[in-house]
Amino acid sequence: MNRRDLLSGVASIPTIAMAQHGHANKGAVRTFEPKNEPPRVRKSFYDLNDEELRNLCRAIGYMRSELPLEHPLQWDNYAKIHALHCTEPSTSHPPVHWSWHFLPWHKGYLFFLERILANILTTVYKIDGSKFALPYWDWISHKGMPNTKIRESAGISSPFFGYDILQENMVTIDNLGFDNSALFDGNRGPTISKSAMDPANELTQDSKDHVNETLKYMSPRYIMSMLAVPFDQFGGKSVVDRKTGQGLLEQGPHNNGHDWIGTRIGKNRTMGTLRSAAADPMFYMHHANIDRIWTFYTLPQPDPNGEYGKQTYDFYDVDGSLVRMSVKDIITSINNVTYAPGQIDLSVPLKVNHNTMWRTVNVGKELYDKPLSIAVPENMLSSSMTLLDIDLGAIKYTGKYNIKIVAGDKIIGKISMMDGDHRKHNTDDMTHSFSVMVLGSVKTTDIVLLPPANGNQKMFIKSIRYKSY
């Protein structure tokens, strides 16, 4: 395969004016409405057959290694779309985290990558791309770097460490016929010898605690419980009236999945920082599972015909041109994608009592470099399942930040922030809401917020709302 194929295959290099960071001139943006999209069934990575895996590697490898560096569909340029929304937010690239837009934006981002990869298979490799679908990393069932059942049974390592590590002797040609390292990223925490999500693989107690916490967030019990709470707490809150709010799906399994693959602190690993996360192919498998979980949500959701659906976003299409879709468009018109079942059935809704009312504990105190104790009603955490909404004021620190929440002698949850420059320009009238789900009864008359040992960042705690089930 050579670059001449690009001219007759994927597309000629777009003539649209290229601006900084590989984005096309905004004047070239066109509207997009999915029509005649082939049905695509996304399977668990574990269930891919060998040819499906090869096709995934072929298409991703082409974007990473064959497209010219200035082409908007070159892999790193596609990853920059996510980075711009996270690290250089603007009216052109509005934030896509910490709100009710978290799920629809990532749905659109996956949809267009899937179209692009399918088109590469069809036009470059002469393979029927209409049969292609992104796989998902089923971390509910498979706690570790994903591998296929076929390879796992044969004792072959995950292709995320290189398609066939047994043939990579740096001398013999591997004869695989495509980029052997298409799914590989060298900036990951897990290694071939320690590829499982296991506390025993960690060196420090903090990292062991993080893995145990991740295992909790990715457990069937937690996911099923999360699917039973209101959308504000499940998927994120409205961004109107100077507010933001992470849902449980973003703050728990999403953030911890990023950090387990990447790093728990700093910006030195791809998936561990929003600035470069989308450059790792694992990003898309992780988010496909996030999107899959959304499909099991059966409670009322925001009306796409209202404020929720108005926000628009720009994506790259198969020819490298920019197309625009609103949240309403994404939700109502991307309907060709379904998910093959995982090993654990999530389709039966958990039955809970939704009639209990929210109650509020006013705090009005600052968290800085010492634990902050907050008096709460003795019965606040007396139910088997309790939701907390913790409201903070302006957050101007842009790095990672985690606040542990302790009741009695038990850590019951945390406030989790991945790095994000969208917080830089917060003003004092901002409110950031973080949802926490406590499973199991805890008897206490106070909860304690623990700042990170190296944080020293002032956080104003406005209030805590709670609701028992």
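Residues numbered from 1 in each chain as written. Predicted model: local features only at pLDDT ≥ 70, side-chain atom pairs only at ≥ 80, totals over all residues. Heavy atoms only, no water.

**A few points about the sheet that holds strand β1 (residues 30-31)**
Condition: For two strands to be treated as a pair, DSSP must find at least two bridges joining them. Secondary structure counts use DSSP, requiring at least four H or I residues in a row for a helix and at least two E residues in a row for a strand, with both numbered from the N terminus. By definition, residues are in contact when any of their heavy atoms lie within 4.5 Å. Note on definitions: angles span 0 to 180 degrees between N-to-C directions of axes, and those axes are lines fitted to C-alpha atoms, for helices only across the stretch in contact.
Spatial ordering of the open sheet is given by β1-β5-β4, a layout of three strands whose pairing is mixed. Looking at the sheet topology across the chains shown, the edges are occupied by β1 and β4 (312-316). The strands touched by helix α4 (residues 102-123) within the sheet are β4 and β5 (322-326), with β4 carrying the most contacts at an inclination of about 20°.

**Re the pattern of salt bridges**
Threshold: For this document, the term salt bridge refers to a Lys or Arg side-chain nitrogen within 4 Å of an Asp or Glu carboxyl oxygen. Note on classification: 1.4 Å probe, protein chains only; a residue is buried when its accessible area is under 20% of the maximum for its type, exposed when over 50%, partly exposed between these limits.
This structure, assessed with the given rule, holds 18 salt bridges. Between Glu51 and Arg58 there is a salt bridge; the shortest N-O distance is 3.1 Å. Overall, the relative accessible area of 15% leaves Arg58 in the buried class. As a salt-bridge pair, Asp317 and Arg115 come within 2.9 Å of each other at their nearest N and O atoms. Taken together, the residues span a long stretch of sequence, with Asp317 in the loop between β4 and β5 and Arg115 in helix α4 at a distance of 202 residues. The same class applies to Asp317 and to Arg115, which are both buried. Through salt bridges with shared partners, a single network forms among Arg30, Glu37, Arg115 and Asp317.

**Observations concerning the sheet that holds strand β13 (residues 446-450)**
Taken together, the four strands give an open sheet; going across it, the order is β8-β13-β10-β11, and neighbouring strands pair in antiparallel fashion. Where the open sheet ends on each side, the last strands, each with one partner, are β8 (372-375) and β11 (410-417). Looking at each pair of strands side by side, their axes are set apart by 25° on average, direction ignored. Examined bridge by bridge, strand β10 (residues 401-407) and β11 share seven bridges and lie antiparallel to one another. Bridging from a neighbouring strand, Tyr401 pairs with Met417 of β11.

**Brief notes about the pairing of β4**
Burial analysis of β4 places four of its five residues in the buried class, the great majority of the element. Sheet topology note: the β4/β5 ladder contains five bridges and is antiparallel. Within the sheet, the bridge partner assigned to Asp314 lies in β5 and is Arg324. Taken together, β4 and the strand that follows it, β5, pair antiparallel across an intervening segment of five residues, in which Gly320 is found at a positive phi of about 85°.

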